[in-house]
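Each chain, letter by letter, is given below.
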Amino acid sequence: MRIARFSIDGNVGFGVVEDDALDVIKGHPFAEFERSGQKVPLDKVRLLPPVLPNKVVGVGRNYAEHAAELGNAVPDVPVTFFKPSTSVIGPGDPVAYPSFSQEVHHEAELAVVIGRMCREVPRERVKDVILGYTCANDITARDVQQREKQWARAKGFDGSCPLGPWVETELAPADIAAGLTIQCTVNGEQRQLGRTSDMVRPIEDLIVHISEAMTLLPGDVILTGTPAGVGPLNVGDEVAVTIEGIGTLTNKVIKRG
């Protein structure tokens, strides 16, 4: 099912997306819940980031062609980094171009949403700790990333982690390994096109590696890397990330006020 987080008349809740409506749920998706039967048209609500993660863990250079296009080798072990919770925005929210950068890039990514507290997850149990998957855009200040040894500012500025439009719970790591199409367009022009089967390391390996070091909490997000074709965003651009079986996440770039 597709679970969205939404706001209407100042109230925030979760709902199951069915066609063009939301069936509001009682409770939250990280435990057993009931559908209320109260349906709200999608065009009457504001979709929010589908989760509010305690942390977003990014994985760099997990597509060989993307590593090559930036002149990097595929690392021997996963390269990981954090994006703070303040970087997270939802579908339709504006991306404010950071004042400290002159070269901001889009990076279309599949995001894994953790469904339960876990650590040191064995490979055979990975599927049990995943709530589902959503679209992400790991927006990056490329010039800052290249000149600073740490990626905190380049990857973690406000609005640099759009997520949405909802969490798809019916997919499994095997579906990701089989290959879902992942695409990024800017103003309707295709920039990135790849398949999740091109990941250097699959979902299971990433979660095993990350959970060896840290406890993952319900709602935490893991970004799984981006295909080749990353490129610049400018003020006024509309950027969209579409992943097969999930949906489309769209945001517009604005001038920071």
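For the structure given in this document, a descriptive report is provided here. What you see is a predicted model, and the numbers here were worked out from it, not measured in a lab.

1. Details of helix H5 (residues 203-211)
Among the residues of H5, those classed as buried are Ile203, Glu204, Leu206, Ile207, Ile210 and Ser211. Here the buried residues of H5 occupy an arc of 165° about the axis, which is enough to place them on one side.

2. Quick notes on the packing of aromatic side chains
Any two aromatic rings considered together are summarised by their centre-to-centre distance and by the angle between their planes. Applying the stated rule across the entire model yields two aromatic pairs. Geometrically, the ring pair formed by Phe100 and Phe157 is edge-to-face, given 6.1 Å between the ring centres and 80° between the ring planes. With a gap of 57 residues between them, Phe100 in the loop between strand E9 (95-97) and strand E10 (104-106) and Phe157 in the loop between helix H3 (152-156) and strand E14 (161-168) connect regions that are remote in the sequence. Owing to a relative accessible area of 28%, Phe100 belongs among the partly exposed residues under this scheme. Phe157 gets classed as buried once you look at its relative accessible area, which sits at 6%. Geometry around Phe100 places Arg153 over its ring, the cationic atom sitting 4.7 Å from the centre.

3. A look at the sheet that holds strand E20 (residues 247-255)
Pairing within the open sheet is mixed, and its five strands lie in the order E9-E20-E19-E15-E16. The open sheet is flanked by E9 and strand E16 (189-195), the only strands paired with a single partner. Each strand of the sheet is rotated relative to its neighbour by a mean of 20°, with strand direction disregarded.

4. Some details on the environment of Val56
One can find Val56 in strand E6 (residues 56-60). The buried category is assigned to Val56, whose relative accessible area is 0%. Through-space distance from the C-alpha of Val56 to that of His66 is 21 Å; in sequence the pair is ten residues apart. Sequence-distant contacts of Val56, that is, excluding residues within four places in its chain, are made with Phe81, Phe82, Lys83, Val88, Cys161, Val221 and Leu223.

5. Focus: the side chain of Ser211
Inspection of the secondary structure puts Ser211 in helix H5. At 3.0 Å, the side chain of Ser211 and the backbone nitrogen of Val121 are in polar contact. Those residues in contact with Ser211, other than ones at most four positions away along the chain, are Arg119, Glu120, Val121 and Leu216.

6. Comments concerning the pattern of salt bridges
On inspection of all chains with the given rule, the structure shows 14 salt bridges. In this structure, Glu18 engages Arg35 in a salt bridge whose closest nitrogen and oxygen atoms are separated by 2.4 Å. With Glu18 in strand E2 (residues 11-18) and Arg35 in strand E4 (residues 34-41), this residue pair connects regions lying 17 residues apart in the sequence. The class for Arg35 is partly exposed, based on a relative accessible area of 38%. A salt bridge links Arg35 to Asp23; the nearest nitrogen and oxygen atoms lie 4.0 Å apart. In this pair, Arg35 sits in strand E4 while Asp23 sits in strand E3 (residues 21-26), placing the two residues twelve residues apart along the sequence. A relative accessible area of 5% means that Asp23 is categorised as buried. Through salt bridges with shared partners, a single ionic network connects Lys83, Glu107, Asp138, Arg142 and Lys155.

Rules behind the numbers
- Here the residue index of a chain counts from 1 through its sequence in written order.
- Residue-level local features of this predicted model are given only where pLDDT is at least 70; pairs of side-chain atoms are given and counted only at 80 or more, and the full residue set underlies all totals for whole chains, interfaces and linings.
- Only heavy atoms go into the side-chain values, all of them from the structure, while hydrogens and water stay out.
- Summary of the burial criterion: residues with accessible area below 20% of their type's maximum are buried, those above 50% are exposed, and those between are partly exposed, where the area comes from a 1.4 Å probe applied to protein chains only.
- Secondary structure elements are taken from DSSP: a helix is a run of H or I of four residues or more, a strand is a run of E of two residues or more, and numbering for both begins at the N terminus.
- The arc in question is formed by the directions pointing from the helix axis toward the C-beta atoms.
- Centre distance within 6.5 Å is the pairing criterion for rings of Phe, Tyr and Trp, where only the six-membered ring of Trp is used; planes under 30 degrees apart are then read as stacked, over 60 as edge-to-face, and the remainder as tilted.
- Put simply, a charge is over a ring when the Lys NZ or the Arg CZ is close to the ring centre, within 6 Å, and near the line of the ring normal, within 35 degrees.
- Criterion used throughout: strands pair if DSSP finds at least two bridges between them.
- Interaxial angles span 0 to 180 degrees and are taken between N-to-C directions of axes, which are lines fitted to C-alpha atoms, for helices over the stretch in contact.
- Residue contacts are counted whenever heavy atoms from the two residues lie within 4.5 Å of one another.
- Polar contacts, as counted here, are pairs of nitrogen or oxygen atoms within 3.5 Å of one another; within protein the pair requires one atom able to donate a hydrogen and one able to accept it, and residues that are adjacent in sequence qualify only if both atoms are side-chain atoms.
- Any Lys or Arg side-chain nitrogen located within 4 Å of an Asp or Glu carboxyl oxygen qualifies as a salt bridge.

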